[in-house]
Amino acid sequence: MILSGVQQTGKSGYPWLVFLHGFSGDCREWQVVGESLNDYPRLYLDLPGHGHSADTGVSGFDEMSDLLARTLLSYNILNYWLVGYSLGGRIAMFHACQRPKGLCGVIVEGGHPGLQDADARATRFASDSRWATRFRTEALETVFADWYQQPVFASLTDMQRQALITLRSQNNGAHLAQMLEATSLGVQPDLRSALKACDFYYLFGERDEKFAAIAAELNAGRHVIPHAGHNAHREKPDAVVASLAQILRLRTKDTL
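Here is a short report on the structure shown in this document. (Residues numbered from 1 in each chain as written. Predicted model: local features only at pLDDT ≥ 70, side-chain atom pairs only at ≥ 80, totals over all residues. Heavy atoms only, no water.)

We now examine the packing of helix α2 (residues 61-74) against helix α3 (residues 87-97). In contact at an axis separation of 10 Å, α2 and α3 are set at 80 degrees when each is read in the N-to-C sense. The orientation of α2 with respect to α3, classified from their angle, is roughly perpendicular. Here F61, D62, M64, S65, L68 and A69 of α2 come into contact with α3, specifically with R90, I91, F94 and H95. Residues that form the contact of α2 with α3 fall into these classes: six nonpolar, two polar and two charged. (Axes fitted to C-alpha atoms, helices over the stretch in contact; angles between N-to-C directions. Helix = DSSP H or I, 4+ residues; strand = E, 2+ residues; numbered from the N terminus. Parallel < 35°, antiparallel > 145°, perpendicular 65-115°, else oblique. Contact = heavy atoms within 4.5 Å. Nonpolar A, V, L, I, M, F, W, Y, C, P; charged D, E, K, R; others polar.)

Listed below in structure tokens is the structure:
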């Protein structure tokens, strides 16, 4: 079992960029950004429960990391960067903390490194379980209408919010629910300490107050995306491309 993905070629000798989307997204989410980084070979993955990996499931972060490793090996990807947004960023951080061979570095946009106490984790898992129940039992248009009212999405315009509701409602609710519970922030370990040993970069939108505060406490190269909220790569793709290109240029030039 491996994850479905879309791959694009790049120049010989350049490391792969492996893109991981957020919850309820799919392999298309990063492609606008990736097209501007075409020196690098790129792989855009569908995470379990999403896109063409909808029938694939995992029980937790360990199994997710093993599945990612098998997928990369199946594509013969031996030298790579992970680039992840939100849920994809949390998966990327967890995988990086396992110190996989061939990983050059990890770039995360708006991903949480982990809650720091048991009560907070229990509260978050209970919340995610309630959302999962709704995804299983209600019309997705209704659930996503409420999902995108959460404070982290406050910077969205009404038009942006409705576009996301329409797009995300094409998913299968039961598959989303299973992945939401398996990779809940409530079951994710706190990765802050382990991330100190990784080549780690963090992007966040200027208007994303929650993740701007998280960025300030991380031992990471920080890049703020002006005039953007939590979904910066959709709102300001050119600025995200510029940050990614800067990171990759500095870290790749000595290896080519």
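By the element assignment, L73 lies in helix α2. Along the backbone, L73 and I2 are 71 residues apart, and their C-alpha atoms lie at a distance of 9.6 Å.

Our focus in this paragraph is the pairing of strand β6 (residues 200-205). The buried count for β6 comes to six of six residues, which makes it a mostly enclosed element. Here β6 shows a buried face lined by F200, Y202 and F204 and a second buried face lined by Y201, L203 and G205. In the sheet, strand β5 (residues 103-109) pairs with β6 via four bridges, with the strands oriented parallel. The partner of V106 across the bridge, within β6, is F200. Judged from the five bridges that link them, β6 and strand β7 (residues 221-225) form a sheet pairing that is parallel. Pairing of G205 across the sheet is with I225, part of β7. Between β6 and its parallel partner β7, the chain crosses via helix α9 (residues 209-216), and the hand of that crossover is right-handed. (Buried < 20%, exposed > 50% of the residue type's maximum accessible area, 1.4 Å probe, protein only. Pairing = 2+ DSSP bridges. Right-handed = clockwise from strand over helix to strand, strands pointing away.)

Here S65 shows up in helix α2. The residues contacting S65, other than those within four sequence positions of it, are F94, H95 and Q98.

This part covers the packing of helix α4 (residues 118-137) against helix α5 (residues 140-147). Where α4 meets α5, the axes come as close as 8 Å, and the angle between the chain directions of the two elements is 150 degrees. Here α4 is positioned roughly antiparallel relative to α5, judged by the angle of their axes. The chirality of how α4 crosses α5 is left-handed. Contacts between α4 and α5 involve W131, R134 and F135 from the first element and L140, T142, V143, F144, D146 and W147 from the second. (Left-handed = near helix turned anticlockwise from the far one by under 90°.)

Here the focus is the nonpolar core. Residues V18, F135, F200 and Y202 are the most contacted members of the largest nonpolar core, which totals 77 residues. Broken down by element, the residue count for this core peaks at seven residues, all from α3. Ignoring anything within four residues of it in the chain, the contact list for V18 reads L43, L45, L72, I77, Y80, W81, L82 and V83. (Core = buried A, V, L, I, M, F, W, Y, C linked by side-chain atoms within 4.5 Å.)

A word on the layout of surface pockets. Where empty space is left can be seen by rolling a probe of water-molecule size over the atoms. Here the largest pocket is characterised by a volume of approximately 550 Å³. Lining the largest pocket are 27 residues; nearest its centre among them are S86, R124, W147, V152 and F153. Going through the elements one at a time, α3, α4 and α9 are the ones with two or more residues in the lining of the largest pocket. It is α4 that provides the largest number of residues to the lining of the largest pocket, a total of four residues. (1 Å grid on protein atoms, 1.4 Å probe; cavity = no way out; pocket = protein on both sides within 12 Å on 5 of 7 lines; lining within 4 Å. Points joined across faces, edges and corners; volume = space filled by probe spheres on them.)

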